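Per-entry structural report
Take a look at the letters that make up each chain.
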Amino acid sequence: MADQPVHQNSSDEIDLGQLFQMIGRGFQKFFNFIGSIFKGIFHLLILTLIFIQKNIIIITAALIIGGIGGYVLDSIFPKKYVSKMVVEPNFNSVQQLYNNIAFYNDLAKAQDSVALATALNITEHEAATIKEIFSDSYSDENQKIKLFDEFIRELDTTTVKTIDFENYLQNFNSLDARFHQISVISTDNRVAKKMQPAIINSISVNDYFKLQKKINDENLNLQEEIYKQQLIEIDSLQSLYRTVLVKEADKPMQGTSINMAEGGKTSNRELALVQEKDVLKEKLVDLNEERANKSTIINVISDFPTRGVEQKGIWNSYKFKLPIFLLALVLGVLALLEVNRFLKTYNKE
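Residues numbered from 1 in each chain as written. Predicted model: local features only at pLDDT ≥ 70, side-chain atom pairs only at ≥ 80, totals over all residues. Heavy atoms only, no water.

Here we take up helix H4 (residues 113-120). Among all positions of H4, only Ser 113, Leu 116, Ala 117 and Leu 120 are buried. Each buried residue of H4 sits inside an arc of 100° when the element is viewed along its axis, so together they form one side. Taken together, the buried residues of H4 touch helix H3 (94-109), helix H5 (124-128), strand E2 (130-138) and helix H9 (191-204). With its phi angle positive at about 60°, Asn 121 sits one or two positions after the end of H4. (Buried < 20%, exposed > 50% of the residue type's maximum accessible area, 1.4 Å probe, protein only. Helix = DSSP H or I, 4+ residues; strand = E, 2+ residues; numbered from the N terminus. Arc of directions from axis to C-beta. Contact = heavy atoms within 4.5 Å.)

Glancing now at the nonpolar core. With 27 residues, the main nonpolar core has Leu 120, Ile 130, Ile 133, Ile 182 and Ile 199 as its most contacted residues. Among the elements of the structure, strand E1 (81-89), H3, H4, E2, strand E3 (179-186) and H9 are those that each provide at least two residues to this core. With 6 residues, H9 is the largest single contributor of residues to this core. Ile 130 has contacts with Ala 108, Leu 116, Leu 120, Ile 122, Val 184, Ile 185, Ser 186, Val 191 and Met 195, leaving out every residue within four places of it along the chain. Ranked by size, the runner-up nonpolar core spans 9 residues in total, among them Tyr 227, Leu 231, Ile 234 and Leu 287. (Core = buried A, V, L, I, M, F, W, Y, C linked by side-chain atoms within 4.5 Å.)

This next bit is on the environment of Asn 299. Residue placement: Asn 299 occurs in strand E4 (residues 298-302). Separated by 212 residues in the primary sequence, Asn 299 and Val 87 have C-alpha atoms spaced 5.5 Å apart. For Asn 299, the residues in contact, after removing those within four places along its chain, are Val 86, Val 87, Glu 88, Asn 90 and Asn 293. A polar contact of 2.4 Å, which involves the side chain of Asn 299, links it to the backbone oxygen of Asn 293. Polar side-chain contacts of Asn 299 include one of 2.5 Å to the side chain of Thr 296. (Polar contact = N/O pair within 3.5 Å; in protein donor to acceptor, adjacent residues only side chain to side chain.)

Before going further, it helps to examine H9. Given 3.6 residues per turn, any residue in an α-helix points the same way as the ones three and four places further on. For H9, which comprises 14 residues, the first-to-last C-alpha distance of 21 Å matches the rise-based estimate of 20 Å (1.5 Å per residue) to within 8%. Restricting attention to buried positions, one finds in H9 the residues Val 191, Ala 192, Met 195, Gln 196, Ala 198, Ile 199, Ile 200 and Ile 203. (Expected span 1.5 Å × (residues − 1).)

Put into structure tokens, the structure is as follows:
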């Protein structure tokens, strides 16, 4: 009986020793695995350096030829110019605007200068210089917040609780933006300004949008008449209350407390009318702003410049693109040759 605790402690020490050995072996395998990864990366790096060393002359020649060829191409090909215009489409005309711009771009890509010249009211020679036309949204976080505020105002209380700003941004697309940017890339730096009226008129002549603008103008005029009539009625009531106050003041001092109460009610009513008048004036100001913002089917916020800006950047230069292309081509061919040699050696083995 006395030997049992000693036997128990010895068993516990053996179990703990085995546990620590297992943990040690686990760490050793983990570090060996990490080491094998680094060894593999190092081995791959060495093979790459050896590959470059063996073919350094061919790679250098490809880069030099590409650089010279790119410089020649940049000198031969005409320069490209970028022109940008910012617009604000009204009456849900943004989809039509994007469709028209996509149509012009398809004609430019197809090099159909005749159809493009007809659509944009320019000469065929000018249309042939157009390389690309595209549009994209022009908005920042502040504008998105304003659009979200306008969006939730049109919803009922129950629906508003289920929508937050993050959900709104996830479903936000370029057509929801207030402002849109139209860009033209051409070898003629003056052609964008000439085609601006045709782009705007292509939206403005649409019968549906013209009808929407006409109805909107009539609604604004009707709302303005209502506000002005309400102001006239408020002025009449104010005049009436002043007359009542004067007559109350001329009465003999009988029932002083009652007269004071009535006078207080009249003053409160007149104050309420003054506040209502201020509200109506603010509504008239908002009405004038809306009339100004929707005076045309599509507002031009920023016109095309008289002259476009030269398109720059390494990605637009053949001095950069051609060497990269030749380098990729040479490396691909050399890699295929190395794989071919490896396969032949593998078959022999």
